[in-house]
Amino acid sequence: MTIHHLARPRIQDRAVAHSLRGLCAGDVQLPGDPGYDAARQAWNLAVDQRPAAVARPADARQTAQVVRAAAAAGLRVAPQTTGHNAGPLGRLDDVVIVRTGAMNSVQVDPDRQGIRVGGGTLWLTAVTAAAAHGRAVLHGSAPDVGIAGYSLGGGLGWYARALGLQTNNVTAVEVVTADGALVRADAEQNTELFWALRGGSGNFGIVTALEFRTFPFATTVAGMLVWDAAMAEPVLRRWVQWAGDAPDEVTTSLRVMSLPPLPEIPAPFRGRSLLIIDGAVLASDARSAEILAPLRDLQPEVDTFARVPVETLSGLHMDPDSPMPSVSDTAILDAMPEAAIETFLDLARPGSGSSLMMHELRQLGGALARPHPGAGAMPTMPGAFLAFGGALAATPEMAAAGRRDAQAFAAALAPFGSGRTYLNFQENQTETAAGFDPVNYGRLVALKSALDPQGVLLGNHPVRRTYEVEDEFF
Ligand SMILES: Cc1cc2nc3c(=O)[nH]c(=O)nc-3n(C[C@H](O)[C@H](O)[C@H](O)COP(=O)(O)OP(=O)(O)OC[C@H]3O[C@@H](n4cnc5c(N)ncnc54)[C@H](O)[C@@H]3O)c2cc1C
């Protein structure tokens, strides 16, 4: 592995960025403009991104204009919908952030098998539209994550062990490519680009529209089981054993959460450390009860599992639905032997001294482990568990402690995996190759060189031959 520390020139001459404004019909905010600070703000408030410009195109035509103008000015472009995963981008002195939020639309196909959304649409919009037609979509745990970023980076949701990754249920993508062309990629046309986009994220184009499958169910069994974190050891041991044998219909997460004493948190949970298992079961009520019985036997304090409309799953994980400052780290585990269980408990149990608000394990396997027919660059998601440690970073001190503890958590669990990572969950700079099997990553690198030889498009996890560390924000 070669590591280059890039020293990109700062753009001293603002004329370059100013030329964008002349060349683009859409909204362009430059440093010094009154609207620049609001425009550059990422969803993750701990990320202080300072790009050469922020462009907010209204449509695909304006998006193409921005890409052509930026490339002509020697600038790169970074597609961004919300900035949930802005952390890894690094210094942006020569980068135009293209915020796609104005391309916010949703249309369910007349036959209801598919849905088409604009490139800046957030998940809640599509979940609600599909549900109105009695259908479900493969969204994740947060209602305000961008569909394009989530879908192009994998997309691990509540139905993942039954139906796989969202990226492999995308049926067409319309993108502006590095040369400023607007193209459609699907199973019939631009098939290599279609393959690369499904996993290769924002490295291959700026999504202006996306089409994907919907599924024929309007309700599911879903909910949460809650214990005091003092029960972490018996519940974790039972869950790990249960997860290994669980049928594909069920997908769950287990978390130890340390909740702050804030008034917006329900009184019974305020200021407490809890062990929460939440998830969904795509099965009849009777079969769901049978599947969940070994967990319920441990007598949770709260049990909300019940048949619910699919749209309620957007709020199931209680993820924040408005911007917040956070730091995190992640690792994929192939198994949780005794040593991994001990490691997790040592770091997550109350009194461990960890500054993390959340120590989480998501259950993998099932359909995630089986190559999806016609899949893109992420045909499967490897591993048995996905670990994620996150901290609130409201002050620089909290950010420093949270980053240290999140890295320690991921590093302690990583030896139980094979070094692969899930890039959508990786909010720090990392070796992008770790997100793919080596053959697929080689194909992505070759395609990037062919389709974007000047490296105009900058994804949050850049596809490139060597690992390059840019200056980080923090
Ligand atoms: C609270 C929270 C909950 C989450 N829950 C889940 C979950 O349940 N499952 C899961 O799989 N992931 C989850 N994630 C991770 C999430 O999928 C990634 O952060 C994803 O990248 C967010 O996409 P975004 O567009 O909202 O973010 P952004 O930071 O705007 O985009 C991230 C990257 O996606 C690409 N991108 C975004 N928009 C476009 C576009 N229009 N065209 C081309 N490329 C684009 C770019 O490479 C960009 O850098 C969660 C993240 C958070 C913070």
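Each value, and the rule that gives it
- Residues numbered from 1 in each chain as written.
- Predicted model: local features only at pLDDT ≥ 70, side-chain atom pairs only at ≥ 80, totals over all residues.
- Heavy atoms only, no water.
- Core = buried A, V, L, I, M, F, W, Y, C linked by side-chain atoms within 4.5 Å.
- Buried < 20%, exposed > 50% of the residue type's maximum accessible area, 1.4 Å probe, protein only.
- Domains from an automatic or database assignment.
- Contact = heavy atoms within 4.5 Å.
- Pairing = 2+ DSSP bridges.
- Helix = DSSP H or I, 4+ residues; strand = E, 2+ residues; numbered from the N terminus.
- Axes fitted to C-alpha atoms, helices over the stretch in contact; angles between N-to-C directions.
- Near = heavy atom within 4 Å.
- Polar contact = N/O pair within 3.5 Å; in protein donor to acceptor, adjacent residues only side chain to side chain.
- Nonpolar A, V, L, I, M, F, W, Y, C, P; charged D, E, K, R; others polar.
- Arc of directions from axis to C-beta.
- pLDDT = per-residue confidence, 0-100.
- UniProt positions renumbered as here; feature names shortened; annotations may be inferred.
- Phe/Tyr/Trp six-rings, centres within 6.5 Å; stacked < 30°, edge-to-face > 60°.
- Lys NZ or Arg CZ within 6 Å of the ring centre and 35° of its normal.

S.K.: Which residues make up the nonpolar core, and what values do they have?
M.R.: Counting 57 residues, the largest nonpolar core has Trp123, Leu156, Leu210, Phe212, Met381 and Leu444 as its most contacted members. Split by domain, this core shows at least three residues from each of two domains, domain 1 (106-216) and domain 2 (219-425). With near-sequence residues (within four places) excluded, Leu156 lies in contact with Gly140, Tyr150, Leu165, Arg362, Leu364, Leu368, Met381, Leu386 and Tyr422.

S.K.: Can you tell me about the sheet that holds strand E3 (residues 53-56), naming the residues and giving the values?
M.R.: Pairing is mixed across the open sheet formed by four strands, whose spatial order is E2-E3-E5-E4. Two strands lie at the open edges of the sheet, namely strand E2 (27-29) and strand E4 (76-80), each paired on one side alone. Across the sheet, the axes of successive neighbouring strands diverge by a mean angle of 25°, strand direction being ignored. Against the sheet, helix H3 (residues 60-72) makes contact with E3, E4 and strand E5 (95-99), and its axis sits at roughly 175° relative to E5, the strand it touches most.

S.K.: Account for the site of the ligand, with residues named and values stated.
M.R.: Taken together, 34 residues lie around the ligand, and Thr82, Gly146, Leu156, Val207 and Tyr422 are the ones closest in. One of the backbone nitrogen or oxygen atoms of Leu156 is found 2.7 Å away from a nitrogen atom of the ligand. One of the side-chain N or O atoms of Tyr422 is found 2.6 Å from an oxygen atom in the ligand. Each residue belonging to the shell around the ligand can be placed in one class, and the counts come to 12 nonpolar, 19 polar and three charged.

S.K.: Kindly report on helix H7 (residues 191-200), identifying the contributing residues and their values.
M.R.: Counted residue by residue, H7 has eight buried out of 10 residues, so it is predominantly covered. Within H7, the full set of buried residues consists of Leu193, Phe194, Trp195, Ala196, Leu197, Arg198, Gly199 and Gly200. The first or second residue beyond H7 is Ser201, which carries a positive phi of 50°.

S.K.: Break down helix H9 (residues 285-296) for me, citing the residues and quoting the values.
M.R.: Within H9, the full set of buried residues consists of Ser288, Ile291, Leu292 and Leu295. Viewed along the axis of H9, the buried residues span an arc of 85°, placing them on a single side of the element. Counted as exposed and oriented over 90 degrees from the buried face of H9: Ala286 and Glu290.

S.K.: Got a sec to walk through the confidence of the model for the chain? Specific residues and values, please.
M.R.: Reading fine detail from the predicted coordinates is not recommended where pLDDT is low. Looking at the chain as a whole, the pLDDT averages 93, with 94% of positions reaching at least 70. Low pLDDT (under 50) marks residues 1-12, which in the prediction has 25 contacts with non-local residues, meaning those over four places away or in another chain.

S.K.: Requested: an account of the sheet that holds strand E7 (residues 114-118), with residues and values cited.
M.R.: The strand order across the open sheet built from five strands is E6-E7-E10-E8-E9, with neighbouring strands paired in antiparallel fashion. Strand pairing shows two members of the sheet lacking a second neighbour, strand E6 (106-108) and strand E9 (182-186), which therefore form its edges. Direction aside, the axes of adjacent strands within the sheet are offset by 15° on average. Direction of pairing for strand E8 (residues 170-176) relative to E9: antiparallel, over a ladder of five bridges. Opposite Val173, over in E9, you have Ala185 as the bridge partner. Sheet strands touched by helix H4 (residues 123-132): E6, E7 and strand E10 (206-213). Its angle to E6, the strand with the most contacts, is close to 25°.

S.K.: Quick rundown of the pairing of E7? Include the residues and the values.
M.R.: Most of E7 sits inside the fold, with four of its five residues counted as buried. In this structure, the hairpin formed by E6 and E7 is closed by a connection of five residues, where Arg112 is found at a positive phi of approximately 65°. With five bridges joining them, E7 and E10 adopt antiparallel strand pairing. When the sheet's bridge partners are listed, Val117 is paired in E10 with Leu210.

S.K.: Please give an account of the environment of Met257 that cites residues and values.
M.R.: Examined against the element boundaries, Met257 turns out to sit in strand E12 (residues 250-258). In this structure the C-alpha to C-alpha distance between Met257 and Arg272, which are 15 residues apart in sequence, comes to 8.1 Å.

S.K.: Could you give an account of the UniProt feature "domain: FAD-binding PCMH-type" (unreviewed entry) in the chain, naming the residues involved and the relevant values?
M.R.: Within this numbering scheme, the UniProt entry marks residues 47-217 as carrying the feature "domain: FAD-binding PCMH-type" (unreviewed entry). Here residues 47-217 runs as 25% helix and 25% strand, with 38 Å between its end C-alpha atoms.

S.K.: Which residues make up the packing of aromatic side chains, and what are the values?
M.R.: Taken as a whole, this structure holds eight aromatic pairs when the rule is applied. Centroid distance Trp123 to Phe212: 5.5 Å. Interplanar angle 65°. Geometry classified as edge-to-face. With a gap of 89 residues between them, Trp123 in helix H4 and Phe212 in strand E10 connect regions that are remote in the sequence. Each of the two residues, Trp123 as well as Phe212, counts as buried. Aromatic pair Tyr422 and Phe425: ring centres 5.3 Å apart, planes at 45°, arrangement tilted. As far as burial versus exposure is concerned, Tyr422 and Phe425 are alike and both buried. Taken together, Trp123, Tyr150 and Phe212 form an aromatic cluster joined through their ring pairs. One residue, Arg198, lies across the ring of Phe194, its end atom 3.7 Å from the ring centre.

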